[in-house]
Amino acid sequence: MIDPEIWWSAFVKAFVKVLSEVENTSSKKVHIRAITATGQMQNLILLDSNLTPVAPAILYNDSRAKKEAEEVERSVGGAEAMRAMVGNWKGAFSILPKAMWVQRNMGRAWEKTKHILLGAHSYIAAKLSGVLSCDWTTAGTTGLLKAQSASKQGNSRVCDAREGVAKSGRIEAVVEEDTKAAAEGAVEGVVGGAVGGDVKADIKAKVKAEPSGSPWHPISYRFLEGLRGKLPPIIQADAKLATVSTTSLVSAMIMPHDENTETQPRRRQAIKAILDRLEFDKTIIVCGCGDAAGVTLGAGCGVPQGGLYAYLGTSGWVASTKDREEDTPIAQGLFSLNHPVFSSKWHILAASCVTAGGNIEWARKNLLTSSLDSKSGYKECSNIIKTANPGSNGVLFLPWLNGCCYSVRSLVEALLGRSEPQPFKKLVVVGGGTQNQIWMEILANVLNVPVQAIEDSQGIGAFGAYMLARRCLGITQTLDLKDVKIRARVYRPQSALKRLHDKRYSVYSKMHVVLKDTFGNLADGLQ
């Protein structure tokens, strides 16, 4: 669990840092045209009528609601039956069981809950604009969305939308006209909002209590009637939520509850310098998207012709954007995410592994004889790996059935088809793993294709959010990177090593099948 205000504080620090850099590098007029964000999906964020958190957010990887998940699955005929209704059902990790757990174990917090948000980025957007929202990608991870609902929405920007107008002495936010039109005929209510943490605002909201075209599956209300009317509208990720006063927005970044009082003078100085140079006093707040979608867009793979990419951090995945019209069955172990912008036409098909860079962290902690911090430890790991022969003399690394490079190859084959894998020209790689040169070299040899490692890609998701802002502002209508300069290093395979890695990989694949149950039993014994 986490206090959502931690997300807000992190956003404020990053925002002010950017302002400070602008102050130091340019004397030109400033126009903050748009703000958007990307962040963790599948969280349960409980808000009161003032859009203030009533309890810590329950995160995507929290499995406390196992009992509630089992109750739901028994009632509908099993996990597969639930999955047929809502698509990405993940048992205790899904939102419905978590909400049921809150009602039963945190009754006072549930009573105060008037609104629910489902992503960290949506909380930031609500703080900035006073408007509740959820992008299609995030909605699809919750286990609340009707299966295939995204593919039936057409290309409309807003579904089940709310009209929000936030006003105060310093803040004015107006939602675009298509949002207003979508909310006509709805039940009128009043909620409250906060911008910048210290600026209160009243929001007049027209909320559809249960619109007939709602993409949220009504099965959730069968188990938790109190969920009805609390879920946010689902909005295209590049849609404008509101236009706010830049002066009010920037001024609100000086938080009275900031613990580090020493930063206040510097923060005020940076903010004053920016305000003195504002050319336009209007900033658009863009909906934004979940982290997986942001990474996909930032890697340049947010269009079908973008090809495959791999994210290699502590965990990892391989993904690509696919055309829904292909209508090919999704293989077991793969998962489909709604595209954040073109959800009716495309979806993001992904295969994930629990550990990627986490394997290297395990090796650093358990195999190195010297006591080193993580930074110097990773460097020593790389130096040791460089001395090993290709193929490591037959040694296979199988923590939780997921080695590093062979695991990525298995994910690629799962996406392209194991029996007759389609050829692909390169693999784009993003995430912290790109900093490990020897890892990238081995990966290119294992896959026998060039690996394009994007530099400074830890923030690649934020770059994906930037792509959404560009579309919202009308700067571009595409989601490819043809007009954007990306720094990347290309690692080319050594063809002489192909046969070696093919043979090693064949053994690796068979060991997965043989040891799967063994590793599962070991895991059960450790719990």
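Just above sits the structure.
Parameters and conventions
Residues numbered from 1 in each chain as written. Predicted model: local features only at pLDDT ≥ 70, side-chain atom pairs only at ≥ 80, totals over all residues. Heavy atoms only, no water. Helix = DSSP H or I, 4+ residues; strand = E, 2+ residues; numbered from the N terminus. Contact = heavy atoms within 4.5 Å. Areas by Shrake-Rupley, 256 points an atom, 1.4 Å probe, with all protein chains shown as cover. Buried < 20%, exposed > 50% of the residue type's maximum accessible area, 1.4 Å probe, protein only. Arc of directions from axis to C-beta. Axes fitted to C-alpha atoms, helices over the stretch in contact; angles between N-to-C directions. Parallel < 35°, antiparallel > 145°, perpendicular 65-115°, else oblique. Nonpolar A, V, L, I, M, F, W, Y, C, P; charged D, E, K, R; others polar. Salt bridge = Lys/Arg side-chain N within 4 Å of Asp/Glu carboxyl O.

Moving on: the overall build of the chain. Along the backbone of the chain there are 18 helices and 20 strands. Within the chain, contacts between residues at least 6 apart in sequence are counted, and of these 75% link residues at least 24 apart. Of the accessible surface of the chain, which amounts to about 24600 Å², a share of 51% is contributed by carbon and sulfur atoms.

A word on helix α2 (residues 66–76). Of all the positions in α2, only Glu68, Ala69, Val72, Glu73 and Val76 are classed as buried. The buried residues of α2 occupy one face: seen down the axis, they fall within an arc of 135°. What points out from α2, more than 90 degrees from its buried face, is the exposed set Lys67 and Arg74.

Close contact between α2 and helix α3 (residues 79–86) brings their axes to 7 Å; oriented N to C, the two are set at 85°. One element, α2, and the other, α3, form an angle in the roughly perpendicular class. Residues Val72, Glu73 and Val76 of α2 touch α3, and the partners they reach there are Ala79, Ala81, Met82 and Met85. Residue classes in the contact of α2 with α3 are distributed as six nonpolar, no polar and one charged.

Turning our eyes to something else, we now look at the pattern of salt bridges. Where charged atoms of side chains with opposite charge meet at close range, the side chains can pair. Enumeration over the complete set of coordinates arrives at eleven salt bridges. Note that Glu71 and Arg104 form a salt bridge whose closest N and O atoms lie 3.0 Å from each other. Of this pair, Glu71 sits in helix α2 while Arg104 sits in helix α4 (residues 95–105), and the two are 33 residues apart along the sequence. Its salt-bridge partner being Glu225, residue Arg228 comes within 2.7 Å of it at the nearest N-O pair. Arg228 sits in the partly exposed class, given a relative accessible area of 33%. The class of Glu225 is partly exposed, set by a relative accessible area of 45%. When salt bridges that share partners are traced, they join Arg409, Glu413, Lys498 and Asp502 into one network.

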